[in-house]
Structure formats: structure tokens, C-alpha cells
Amino acid sequence: MKLKSSEEICISQNHLAQLQTKYMPGNRYSFNSSTPKTRLERLLRERELRKFNQSFHLPNEAKDGNREGDPFGNDSPNEGDNGGVPNEEEFLEGFTTGRTVGDAFERQDARPSKQRLLVVANRLPVSAVRKGEDSWQLEISVGGLVSALLGVKEFEARWIGWAGVNVPDEIGQKSLTKALAEKRCIPVFLDEEIVHQYYNGYCNNMLWPLFHYLGLPQEDRLATTRSFQSQFDAYKKANQMFADVVNEHYQNGDVVWCHDYHLMFLPKCLKEYNTEMKVGWFLHTPFPSSEIHRTLPSRSELLRSVLAADLVGFHTYDYARHFVSACTRILGLEGTPEGVEDQGKLTRVAAFPIGIDSDRFVRALELPQVQNHIKELKERFAGRKVMLGVDRLDMIKGIPQKILAFEKFLEENPNWRDKVVLLQIAVPTRTDVPEYQKLTSQVHEIVGRINGRFGTLTTVPIHHLDRSLDFHALCALYAVTDVALVTSLRDGMNLVSYEFVACQASKKGVLILSEFAGAAQSLGAGAILVNPWNITEVAASIGYALNMPADEREKRHWHNFMHVTTHTSQEWAMTFVSELNDTIFEAQLRTRQVPPLLPTKDAIERYLQSNNRLLILGFNSTLTESVDIPGRRGGQIKEMELKLHPDLKEPLKKLCDDPKTTVIILSGSDRGILDDNFSEYNMWLAAENGMFLRLTTGEWMTTMPDNLNMDWVDSVKHVFEYFTERTPRSHFELRETSLVWNYKYADIEFGRLQARDMLQHLWTGPISNASVDVVQGGRSVEVRAVGVTKGAAIDRILGEIVHNRGMKAPIDYVLCIGHFLGKNFLLNRQLQQEPR
Ligand SMILES: O=P(O)(O)OC[C@H]1O[C@H](O[C@H]2O[C@H](CO)[C@@H](O)[C@H](O)[C@H]2O)[C@H](O)[C@@H](O)[C@@H]1O
Ligand SMILES: O=c1ccn([C@@H]2O[C@H](COP(=O)(O)OP(=O)(O)O)[C@@H](O)[C@H]2O)c(=O)[nH]1
């Protein structure tokens with residue numbers, strides 16, 4: 001890190017003073033005029049503070065030699081054995097120590113405090129290899145999730161996960177726990193059977209292919225369909241085991257960040273244990289279209305468990321959108337721009353594209369050992385352009401497709417055959433899963449065939465390695481590459497493409513990138529985007545990339561380099577945690593706005609003391625039987641019948657027979673429906689929002705205001721018929737004072753679009769001047785004569801009841817229970833003013 005000039009530091013000190021006055025006094029979220037009120041304001045300020053902390057504190061720390069908690073703070077390339085670039089051991093230390101800016105607002109002195117972060121992922125950043133009864137060797141794990149999270153140095157973090165090894169004995173478990181503790185890692189011990197069913201089975205044979213659009217097991221994988229239930233049980237059991245370890249180590253105020261498809265059940269387990277826990281969940285893979293997710297037998301359970309988290313994150317907006325859509329279509333919940341809402345509880349859903357620790361790569365290129373590697377590679381491949389693929393040997397990476405495209409290129413361009421080489425690093429992964437074993441032989445076979453076809457006695461066109469490389473070797477390879485080839489069929493993000501760009505400052509090579517990798521959204525402008533399934537297109541792109549003029553390469557590289565060096569893994573983690581903190585704060589604010597729960601004990605006591613009570617009850621969604629998930633199960637017919645819940649019949653009868661209690665059913669439903677359900681009770685029925693009233697022993701009378709104009713009905717009916725015909729599974733009800741179009745069972749997104757169109761027409765079309773109210777419900781549109789509201793009707797209803805009963809004593813108790821919408825607000829207000 002370069003020291004800033006004194007002038008810059010001086011400016012920063014002024015800036016500090018300003019910031020301190022602006023943000024520091026009092027609590028982070030206290031409401032005075034200078035504190036941010038909206039989420040965006042808060043997040044913007046927090047971001048500004050983060051930037052400020054980075055630019056202001058680091059030079060001072062470097063100057064003081066105070067590098068505690070920041071082993072890489074002063075990274076002059078000449079320093080230390082490693083030139084300031086951490087080796088893998090140190091790299092790991094970097095993850096486990098460090099400062100935070102997440103809670104900077106809470107400090108008075110502008111020196112941020114550390115926020116404790118529990119990172120929970122299936123795999124620990126190190127895998128353990130047993131060397132003796134109680135001795136262990138720890139090796140860094142390979143994969144994008146580990147790479148990205150190791151770059152996160154701003155929190156006091158602990159990592160909880162599986163060490164990739166079965167440790168059945170107590171001595172082994174104790175000694176491994178101790179060895180891992182030095183790396184601030186905490187193991188979850190999974191036995192072989194669980195690993196087989198949970199990791200190899202449910203995670204990697206079921207969820208992984210499904211989330212990457214490869215579908216559920218078919219043909220030879222069909223047998224696994226039968227073991228689905230036991231695998232799912234093991235999945236839940238494994239998630240609970242992770243939760244138990246988190247609970248054991250959790251301290252108040254910790255942020256718990258759960259990662260990936262292995263742990264979709266974890267947020268629910270954690271919240272069941274402690275509702276106060278701050279829980280975030282991030283998915284590193286794509287989240288597929290809801291039509292794909294819908295095929296999964298445990299689709300609903302998994303979605304609901306994830307929704308227990310406070311914040312749910314994805315790499316791209318597309319994945320976030322798919323998730324919200326799955327929650328609306330499969331669970332019938334409300335999707336909003338903020339996330340998913342269920343009975344007033346919001347789970348925030350957003351995109352947080354991951355990045356890499358780009359500095360680490362840039363600095364590594366200057367190390368002597370990397371320079372030596374680079375020299376060797378240049379000599380080895382002199383006179384040939386180098387193309388590179390680096391992937392785990394996984395079917396989603398499109399390795400066979402990549403190699404076939406390269407073959408096609410060689411086939412069509414004989415002049416390139418001795419001038420280009422493809423180096424493919426294929427890291428073995430999930431080797432216990434049969435699909436992966438099959439892929440390995442398939443790739444070997446194709447590589448052998450192509451090398452046989454185009455190789456000579458001294459050279460082969462493809463160098464294929466079934467192994468991983470260490471960090472330095474990888475950096476050298478990235479640096480000497482002319483064209484990197486990423487052909488994932490689907491990929492959550494793909495960090496290899498980022499790492500390649502970070503190492504290309506001098507060469508400015510070309511990136512050919514699958515449009516189905518999340519990275520295509522961020523590096524799309526500089527890369528050549530391809531459809532990996534289209535081998536002809538990929539072959540042509542290889543030719544284009546190899547022949548690309550220097551100025552075009554430079555422009556493309558620069559664009560991507562800027563992105564990779566600014567959207568780092570540190571930024572990613574800090575943004576996620578900062579939004580998680582903010583989400584919790586927002587939820588607390590919202591909770592304050594929700595009307596408090598009825599104090600049941602108090603309500604009962606007062607009920608017992610009172611002598612002339614009035615109970616006003618809604619019907620639909622208040623006294624009816626609940627129907628299963630709407631939209632999918634054919635529950636429409638059942639619910640349209642609107643039946644009183646059988647369990648309520650007995651208590652309702654008792655209430656109605658009590659001479660001290662008057663019960664009114666106040667409903668939007670028409671008279672017939674109320675007659676069908678309540679004729680046998682001694683009560684008042686107020687149909688169509690109170691426009692019709694009857695004591696069950698008497699006749700219906702109307703409480704409609706005089707001169708209610710209903711001339712508009714035919715025009716509206718015409719509009720409703722039109723939309724009902726064009727919106728499958730929608731329907732409308734023609735009542736005497738209103739018309740209601742309901743799309744609760746229709747495709748929710750289509751229903752909403754149709755409703756928007758309909759409202760537009762009603763507000764601006766032929767009936768725009770009629771004296772009607774057009775009311776937009778959750779999943780309905782209602783048109784009714786002006787004045788037809790429960791609020792307006794209640795006065796007339798009360799007058800009628802008091803008169804009819806010849807009531808002398810005042811009403812001394814009113815309890816109103818219903819499923820109220822904003823449109824009934826008037827009624828609520830009136831009742832609140834009633835004497836109690
Ligand atoms: O732990 P394994 O089963 O050996 O698999 C390795 C990791 O693979 C996946 O990585 C994903 O995360 C990357 C970073 O966000 C992303 O760039 C990439 O597109 C994904 O495939 C998996 O999601 C991890 O959980 C695994 O650890
Ligand atoms: O020999 C190798 C090959 C790959 N990697 C790392 O593995 C990660 C792969 O991440 P990516 O997001 O591309 O895909 P994933 O494997 O997570 O699906 C990258 O950080 C690579 O640097 C590595 O350490 N050694």
C-alpha cells in the first residue's frame with residue numbers, strides 16, 4: 001500500500017472531521033435531522049465511510065507499523081520473503097483477522113470496531129489429510145467460493161464447515177478441531193453415510209444439476225429418484241448439524257452468513273433456535289427459472305427455509321428475479337421490488353456480484369518464483385499462441401464442448417495447427433459421484449482423439465492436466481495466455497475469468513466467455529461472448545480472438561480490468577454484510593409500524609366484565625377454512641364455495657346465544673352466501689360491505705344510501721368479461737352494488753399485468769366519470785358505487801341494531817376481527833373512536 005502525500009492526508013483529516021460531525025454523534029440510526037432516513041441514504045453513507053476508512057486509516061497504520069490484524073496492509077513488493085504477497089498459509093490468516101467497517105457508525109472515534117462474522121459453508125477453506133492418530137495436514141481447498149471468501153479481510157471471521165474427511169474417532173476429532181482452530185476454522189463432522197447421501201447425493205446429484213439447468217436424474221440416474229426421500233432427509237439432518245455448531249459458537253450481535261445450495265435449510269434451523277440472529281444466505285450457483293425449480297419434489301420446503309433468512313443474495317439480478325418468481329408462483333407469496341413478503345414479514349432479496357482479491361494476483365506477478373514460471377512457460381511454448389482453460393472437471397463447465405470447438409477450429413484452419421496450443425487444467429472434483437467419473441473418461445477420450453489427429457512426433461495441440469495447480473503456477477499461466485476460453489454451460493459467476501483478466505496487464509489477452517456464466521454480465525463488454533452449445537460460433541470466436549489487433553485487445557482488456565479491480569471480494573462481502581445489518585434495522589422499523597397484537601388476556605378480562613357487547617366479524621379469510629397453496633392445487637373450486645370453518649361452528653353458536661352479545665358478520669360477499677352459511681345462528685348479517693342487513697330471524701333490508709347510481713354496471717361487466725376471457729383461471733363476481741374481478745388463481749405475474757391494464761382502462765376509459773370507486777386489492781379489482789364501504793355502512797348498521805333491539809344500555813365492548821385491507825381503513829378508524 002502506497003503512503004499518501006501529506007496533502008492528501010491533510011484533506012482526509014478535514015474529511016474525517018466532516019464525517020465525524022455528520023455521522024458519528026449518537027447512534028448509527030438515531031433519528032435526528034442529519035441521520036439518513038431511507039435505506040439508500042444509509043447504505044450510501046456507509047459506503048462513503050468505508051471508502052474513507054480505507055483511504056484514511058491504512059496509511060497511518062502503515063506509518064505506525066501497526067499492522068495488527070492486517071498482515072497484508074503494507075505490501076511493498078520488496079518486503080519479506082514473499083515480496084508482500086501472502087502465501088496460502090498467510091492468505092488464510094488474512095481471512096481470519098482484520099478490521100471491519102461494517103459497524104463503523106456505532107463508534108464514536110471513527111476507528112471502526114470489528115464485527116464478528118460466522119461464515120458457514122459446506123467446505124472449509126482447508127481440507128484435512130490425516131497423517132497420524134492425532135496429526136493433520138491442512139491443504140487449501142479449490143473452488144470459487146473458497147477463493148472469494150479468502151479475499152475477505154475486513155471482519156473478525158470464523159469459518160464453520162466440513163473438512164472434507166471422515167473422522168469417526170474422538171482423538172481424531174479433538175486433534176483436528178485444535179489444528180483447525182489455529183486457522184479460525186470450526187469443523188462440522190459428517191460421517192460417511194451422511195456425506196454420501198447429503199453431499200454426493202442430494203447436493204451434487206440433485207440440486208447442482210437442477211440449478212444448472214441439467215434437470216433431475218433421468219435414464220441411468222433414474223435410480224436415484226427412488227432414493228430422493230432418504231437423501232433429502234440426510235440433507236436436512238446435515239443442515240441441522242451445521243446449525244448445532246453455529247449455535248454453539250454464536251455470540252450476540254454476530255452476523256451469520258450461510259453459503260450455497262448445500263445449506264438451504266440452515267436459515268430456518270438457525271431462526272428456530274434464535275429469532276434474533278442476523279442471518280444472510282448467499283447462493284453461488286445460478287438460481288434457475290421457477291419452471292425448473294418447480295420440478296424438485298422438495299421445492300416448497302427449500303424455498304420456505306431460505307426465506308427464514310433476513311437477506312438472500314445472488315450473483316446476478318436474473319437469479320434473484322427467478323428466486324422471487326419461484327416464491328410467488330410456487331408458494332403464492334407476494335414478490336416486491338424489495339424481496340418476498342409473507343404475512344408482513346419481508347425477506348430481502350438482491351444481487352451481490354462476487355469479485356476476487358485482484359491485488360493479490362497483480363502483486364503475485366512480480367514475485368521471482370512467478371517470473372521464473374513465466375519464463376519457463378514462454379520458452380516452452382515459444383512460437384505458439386497459448387489458449388487456456390481452467391475448470392473443475394464438472395459437466396457444467398462445458399469442457400467437452402470447448403475441446404470440440406477447438407478441434408473444429410483446427411479442422412478449418414490448418415495454418416494454425418502448429419501455431420497454437422490449448423492448455424486445459426481440469427481439477428478433479430466430486431469424484432465419488434458417478435456422473436463426474438463418466439465425464440472424466442469422456443474428456444480423456446476426446447482429448448486423445450484430437451491429439452492423435454492433429455499431433456506430431458514432437459507436439460500435441462491439447463495439454464490436458466487432471467490436477468490442480470498452486471497459486472503461483474496458476475498466476476504464471478494466466479499471464480502467458482493469449483486467449484482464455486471459458487465455455488461453462490451454466491456457471492454462478494466464474495472467477496477464473498476474473499483472475500485471468502487481473503493477470504493480463506502486460507499481455508492484454510482475449511477472454512472468450514460463455515454467455516451463460518454470471519461473469520458475462522460484468523465482463524460481457526470486454527469479452528467475446530459465446531453460446532458454448534454452438535461449436536461453430538466458438539470455433540469462429542477462437543479465430544477472431546487469435547487474430548485480434550492490439551488496439552482492440554487493449555480496449556477490451558482495459559474495460560474488464562477496471563471492473564475486476566474495483567469489484568473485489570472485499571467490496572462484495574462488505575456490501576452484503578452492510579445490507580444485512582441494514583435489513584435488520586429496517587425490519588425493526590417496520591415492526592414498529594405494524595399494529596400491535598391484540599392483548600388477548602386483557603381482551604378476555606374486559607369481555608367478561610362487559611354487559612352489552614358487539615362482535616363484528618369478517619367472513620372470507622376470517623371464518624373460512626384455509627385453502628392450500630393458491631394457484632397450483634386446484635383449490636379454486638373449493639375456496640369459491642366459501643364455507644364456514646367447521647371448528648368455528650360450536651363457539652360461534654355459543655356467542656350468538658349469549659343475550660349479552662350481539663354478533664354481526666360484515667362481509668363483501670353477497671346475501672346468498674351469508675344465508676347459506678349463517679341462517680341457523682342468531683346473529684346479524686351485513687352483506688355486500690353492509691349494503692344489505694338482516695337479523696337471521698328476519699328479512700333482508702337495504703341500508704343502501706338513497707340515489708345509489710348503478711348505471712355503470714353494464715360497462716364494467718363488459719370490461720370484466722373481456723379480461724376474464726383473456727386471463728386463464730380468473731373469475732368475476734357480479735354483486736348488487738359492486739363487481740369484483742379476482743385473479744388469485746391465475747398466473748400471478750400475468751394477473752398483475754392484466755390488472756394494471758384493466759385499471760388503466762377503468763380510470764381513463766368510458767366509465768371514468770361515473771360515480772364509482774375503483775379499488776385495487778391484493779389480487780383483485782373491485783368497482784363499486786361511491787359510498788359502498790364498510791366504514792360508511794357501519795353507522796347505518798349500528799343505528800338499525802340499537803333501534804331494533806331497543807337497546808337502553810350503552811355498548812360497552814366492541815371487538816372487531818377481520819382480514820382488513822386499506823380500503824376498509826375508514827371502518828377501522830370509526831371503530832377505534834367507539835366508546836369501549
Ligand atoms: O466444494 P466442491 O464441491 O468441491 O465445489 C467447489 C465449489 O464449486 C461451486 O462454486 C461456485 O462459486 C463460485 C464463487 O461464487 C462461482 O464463481 C462459481 O460459478 C460457482 O460454481 C460451489 O457453488 C461451491 O459451493 C463449491 O465449494
Ligand atoms: O488448479 C487450480 C484451478 C483452479 N483454482 C481456483 O479455483 C477457483 C475456481 O472458481 P470458479 O468460480 O471459476 O469456479 P468453481 O470451481 O467455483 O465452480 C478459482 O479461484 C481458481 O483460482 C485453483 O486454485 N487451482
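Up top you'll find the structure we're talking about.
Just so it is clear, the model here is predicted, and its values are computed rather than measured.

Draft legend 1. View of unusual backbone geometry. One non-glycine residue with positive phi stands out, namely Ser621, at about 70°. Its place among the elements puts Ser621 in the loop between β18 (613–617) and α24 (636–640). Owing to a relative accessible area of 44%, Ser621 belongs among the partly exposed residues under this scheme. Its identity as a non-glycine residue notwithstanding, Glu688 has a phi of 50°, on the positive side. By secondary structure assignment, the location of Glu688 is in the loop between β20 (684–687) and β21 (692–695). Taking relative accessible area as the criterion, Glu688 reaches 1% and is therefore assigned buried.

Draft legend 2. Structural view of helix α9 (residues 266–273). Listing the buried residues of α9 in full gives Leu266, Pro267, Cys269, Leu270 and Lys271. Among the structural elements, β1 (116–123), α8 (228–249), β6 (255–259), β7 (278–282) and α11 (299–307) are those in contact with the buried residues of α9.

Draft legend 3. Geometry of the pairing of strand β23 (residues 731–734). Here 4 bridges tie β23 to strand β24 (residues 738–742), and the two strands are oriented antiparallel to one another. Bridging from a neighbouring strand, Phe732 pairs with Trp741 of β24. Between β23 and β24, which follow one another and run antiparallel, lie 3 residues.

Draft legend 4. Quick peek at the sheet that holds strand β13 (residues 420–427). With respect to topology, 6 strands assemble into an open sheet ordered β14-β13-β12-β15-β16-β17, the strand pairing being parallel. Since the sheet does not close on itself, it has two edges, and those belong to β14 (462–465) and β17 (528–530), each with one partner. Direction aside, neighbouring strands of the sheet carry axes that sit 20° apart on average. One ladder, built from 2 bridges, connects strand β12 (residues 385–392) with strand β15 (residues 483–486); its direction is parallel. Bridge pairing in β15 places Met387 opposite Val483.

Draft legend 5. The arrangement of the sheet that holds β24 in detail. If you walk across this open sheet you meet the 4 strands as β23-β24-β26-β25, and the pairing is antiparallel. Each of the sheet's edge strands pairs with one partner strand only, and the pair in question is β23 and β25 (772–776). If you compare each strand with its neighbour and ignore which way they point, the axes differ by 10° on average. Against the sheet, helix α27 (residues 713–726) contacts β23, β24 and β26 (780–785), and its axis sits at roughly 10° relative to β24.

Draft legend 6. Geometry of the site of ligand 1. For ligand 1, the set of nearby residues contains 20 residues, the closest of which are Arg123, Tyr199, Asp260, His284 and Asp491. Between an oxygen atom of ligand 1 and a side-chain N or O atom of Asp260, the distance comes to 2.3 Å. Arg392 is positioned such that a nitrogen or oxygen atom in its side chain is 3.1 Å from an oxygen atom of ligand 1. Relative to its free-state accessible area of 560 Å², ligand 1 is covered by the protein chains to the extent of 96%. At the level of elements, α4 (144–150) and α6 (192–211) are the ones that each hand at least two residues to the shell around ligand 1. Split by residue class, the shell around ligand 1 holds 7 nonpolar, 8 polar and 5 charged.

Draft legend 7. Broad picture of the nonpolar core. Of all hydrophobic cores here, the largest spans 97 residues; its most connected members are Tyr198, Tyr235, Phe314 and Phe323. By residue number, the principal contributor to this core is α6, which donates 11 residues. If we skip the residues at most four places from it in the chain, Phe323 touches Phe287, Leu303, Val306, Leu307, Val312, Phe314 and Val349. Formed by 78 residues, the second largest nonpolar core is a distinct cluster that contains Leu145, Val370, Val386 and Ala573.

Draft legend 8. Molecular detail of the state of the cysteines. With the rule as written, the count across this model stands at 0 disulfides. The thiol of Cys203 is not disulfide-bonded; the next cysteine sulfur, from Cys269, is found 13 Å away. Here Cys816 stays unpaired: no disulfide links it, and the sulfur of Cys656, its closest cysteine neighbor, is 15 Å away.

Draft legend 9. Structural context of the packing of helix α12 (residues 317–331) against helix α28 (residues 748–764). Where α12 meets α28, the axes come as close as 9 Å, and the angle between the chain directions of the two elements is 90°. Taken together, the axis directions place α12 and α28 in an arrangement best described as roughly perpendicular. For the pair formed by α12 and α28, the contact residues are Ser325, Thr328 and Arg329 on the first element and Ile748, Glu749 and Arg752 on the second.

Draft legend 10. Spatial organisation of the packing of helix α18 (residues 495–502) against helix α21 (residues 550–566). It is at 9 Å that the axes of α18 and α21 come closest, and there the two elements cross at 110°. If you check the angle between α18 and α21, you find them roughly perpendicular. In the crossing of α18 with α21, the sense of the turn from one axis to the other is left-handed. Counting all contacts with α18, which are made through Tyr498, Val501 and Ala502, the residues of α21 involved are His557, Asn560, Phe561, His563 and Val564. Considered class by class, the residues forming the contact of α18 with α21 number 5 nonpolar, 3 polar and no charged.

Draft legend 11. Structural context of the pattern of salt bridges. Evaluation of the coordinates by the stated rule reveals 39 salt bridges. The residue Glu749 makes a salt bridge to Arg329 at a minimum N-O spacing of 3.2 Å. Separated by 420 residues along the polypeptide, Glu749 in helix α28 and Arg329 in helix α12 bring together distant segments of the chain. When salt bridges with common partners are traced through the structure, they connect Glu407, Glu411, Arg449 and Arg453 into a single cluster.

Draft legend 12. Representation of the side chain of Thr661 within the structure. Along the chain, the position of Thr661 falls in strand β19 (residues 661–666). Side-chain polar atoms of Thr661 contact the side chain of Tyr607, separated by 3.4 Å. Side-chain polar atoms of Thr661 contact the side chain of Arg613, separated by 3.0 Å. With residues up to four places along the chain from it excluded, the contact list for Thr661 reads Tyr607, Arg613, Leu615, Leu655 and Arg805.

Draft legend 13. Summary view of the environment of Ala163. Its place among the elements puts Ala163 in the loop between β4 (156–162) and α5 (170–181). Residue Ala163 is classed as buried on the basis of its relative accessible area of 4%. Distance in space between the C-alpha atoms of Ala163 and Ile396 is 24 Å, their sequence separation being 233 residues. Residues contacting Ala163, with those up to four places away along its chain left out, are Leu124, Val126, Ser127, Ala128, Leu176 and Leu180.

Draft legend 14. Molecular detail of α27. Here α27 is 14 residues long and its end C-alpha atoms lie 20 Å apart, about the 20 Å a rise of 1.5 Å per residue gives. For α27, every residue scored as buried is listed here: Val713, Val716, Val719, Phe720, Phe723 and Thr724. What you see down the axis of α27 is that its buried residues fit within an arc of 135°, all on one side. Set apart from the buried face of α27 by more than 90 degrees, the exposed residues are Asp714, His718 and Glu725. Of the surrounding elements, those touching the buried residues of α27 are β23, β24, α28 and β26.

Draft legend 15. The arrangement of the packing of aromatic side chains in detail. Under the definition given, this model contains 30 aromatic pairs. Ring centres of Phe232 and Phe265 lie 6.1 Å apart, and the angle between their planes is 75°; on these two criteria the pair is classed as edge-to-face. Linking Phe232 in helix α8 with Phe265 in the loop between β6 and α9, this pair joins segments that are 33 residues apart in sequence. The exposure class of Phe232 is buried, given its relative accessible area of 2%. Aromatic pair Tyr722 and Phe723: ring centres 5.3 Å apart, planes at 75°, arrangement edge-to-face. Residue classification places Tyr722 among the partly exposed residues on the basis of a relative accessible area of 43%. Put simply, the rings of Tyr198, Tyr202, Phe228, Phe232, Tyr235, Phe242 and Phe265 pair up and form one aromatic cluster. Cation over ring: Arg490 sits above Tyr213, and NZ or CZ is 3.8 Å from the ring centre. It is Arg671 that lies over the ring of Phe692; its NZ or CZ is 3.9 Å from the centre.

The rules behind these values
Residues numbered from 1 in each chain as written. Chains lettered and ligands numbered in written order. Predicted model: local features only at pLDDT ≥ 70, side-chain atom pairs only at ≥ 80, totals over all residues. Heavy atoms only, no water. Helix = DSSP H or I, 4+ residues; strand = E, 2+ residues; numbered from the N terminus. Buried < 20%, exposed > 50% of the residue type's maximum accessible area, 1.4 Å probe, protein only. Contact = heavy atoms within 4.5 Å. Pairing = 2+ DSSP bridges. Axes fitted to C-alpha atoms, helices over the stretch in contact; angles between N-to-C directions. Near = heavy atom within 4 Å. Polar contact = N/O pair within 3.5 Å; in protein donor to acceptor, adjacent residues only side chain to side chain. Areas by Shrake-Rupley, 256 points an atom, 1.4 Å probe, with all protein chains shown as cover. Nonpolar A, V, L, I, M, F, W, Y, C, P; charged D, E, K, R; others polar. Core = buried A, V, L, I, M, F, W, Y, C linked by side-chain atoms within 4.5 Å. Disulfide = S-S within 2.5 Å. Parallel < 35°, antiparallel > 145°, perpendicular 65-115°, else oblique. Left-handed = near helix turned anticlockwise from the far one by under 90°. Salt bridge = Lys/Arg side-chain N within 4 Å of Asp/Glu carboxyl O. Expected span 1.5 Å × (residues − 1). Arc of directions from axis to C-beta. Phe/Tyr/Trp six-rings, centres within 6.5 Å; stacked < 30°, edge-to-face > 60°. Lys NZ or Arg CZ within 6 Å of the ring centre and 35° of its normal.

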